[in-house]
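# Overview (structure and organization)
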Amino acid sequence: MPADLNSRTRWFALIVLCLGSLMIVLDSTIVNVALPSIKADLGFSKTSLAWVVNAYLLTFGGFLLLGGRLGDLFGHRRLFLFGISLFTLASLACCLATSPGFLLGARAVQSPRRSRSR
């Protein structure tokens, strides 16, 4: 029976990781579709609008190696759960953003979650 329980645990972990990856893909897709509305509502210029996407990508690249090492030190599961929580709170902050700076800051906070999940 323990082998069956181990198999279920692995499948559950795979499903949770796949759902986490789905959240990332959906976030990127939604932001790209919403860029015209973001520009109009928050007063971004055409050139500064690229920072909505770039703030996420730059911090992701910066935290990629650090996130892997922190996972080794503190446990991948713990870091994944912390990252999902941080990503969710940063997504809420993005929804409530009333200024370009606030939105860019929240987008930058979202990205370390992705690097920590690996």
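Residues numbered from 1 in each chain as written. Predicted model: local features only at pLDDT ≥ 70, side-chain atom pairs only at ≥ 80, totals over all residues. Heavy atoms only, no water.

## Thoughts on the state of the cysteines
Going by this rule: In this description, the term disulfide denotes a pair of cysteine sulfurs within 2.5 Å.
Under the definition given, this model contains zero disulfides. Cysteine 94 carries a free sulfur, and the closest cysteine sulfur to it, the one in cysteine 95, is 6.9 Å from it.

## Brief notes about the side chain of glutamine 110
Inclusion rule: Working definition: helices are DSSP H or I runs of at least four residues, strands are E runs of at least two. Numbering for both runs from the N terminus. Only protein chains enter the accessibility calculation, which uses a 1.4 Å probe; a residue is then buried when its area is under 20% of its type maximum, exposed when over 50%, and partly exposed in between. Here a polar contact means two N or O atoms within 3.5 Å. Within protein one must be a hydrogen donor candidate and the other an acceptor candidate, and residues neighboring in sequence count only if both atoms are side-chain atoms.
Structurally, glutamine 110 is set in helix α4 (residues 100-116). On the basis of relative accessibility, which here comes to 1%, the residue glutamine 110 falls in the buried class. Within polar-contact distance, the side chain of glutamine 110 engages the side chain of serine 91 at 2.7 Å. A distance of 2.8 Å separates polar atoms of two side chains, one belonging to glutamine 110 and the other to arginine 107.

## Some remarks on the nonpolar core
Put simply, the rule reads: Residues belong to a common nonpolar core when they are buried Ala, Val, Leu, Ile, Met, Phe, Trp, Tyr or Cys residues joined through side-chain atoms within 4.5 Å. Any pair of residues with heavy atoms lying within 4.5 Å of one another is described as a contacting pair.
Core analysis: the largest hydrophobic core is formed by 11 residues, namely Val31, Leu35, Ile38, Leu42, Phe44, Leu49, Val52, Cys94, Ala97, Leu103 and Ala106. Taken together, the elements giving at least two residues each to this core come down to α1 (2-42), α2 (46-74) and α4. No other element matches α1, which puts four residues into this core. Sequence-distant contacts of cysteine 94, that is, excluding residues within four places in its chain, are made with Leu103, Ala106, Arg107 and Gln110.

## Some words on the confidence of the model for the protein chain
For clarity, the cut-off: How sure the predictor is of each residue is captured by pLDDT, a score from 0 to 100.
Scored by pLDDT, the protein chain comes out at a mean of 85, with 91% of its residues at no less than 70. Element-level mean pLDDT values for the protein chain span from 78 in α4 up to 89 in helix α3 (residues 76-95). Segment residues 114-118: pLDDT under 50, and 16 contacts once partners within four positions in sequence are set aside and those in other chains are kept.

## Structural notes on the environment of tyrosine 56
Here tyrosine 56 is to be found in helix α2. Residue classification places tyrosine 56 among the buried residues on the basis of a relative accessible area of 2%. Along the sequence, tyrosine 56 and glycine 105 sit 49 residues apart, while their C-alpha atoms lie 9.2 Å from each other.

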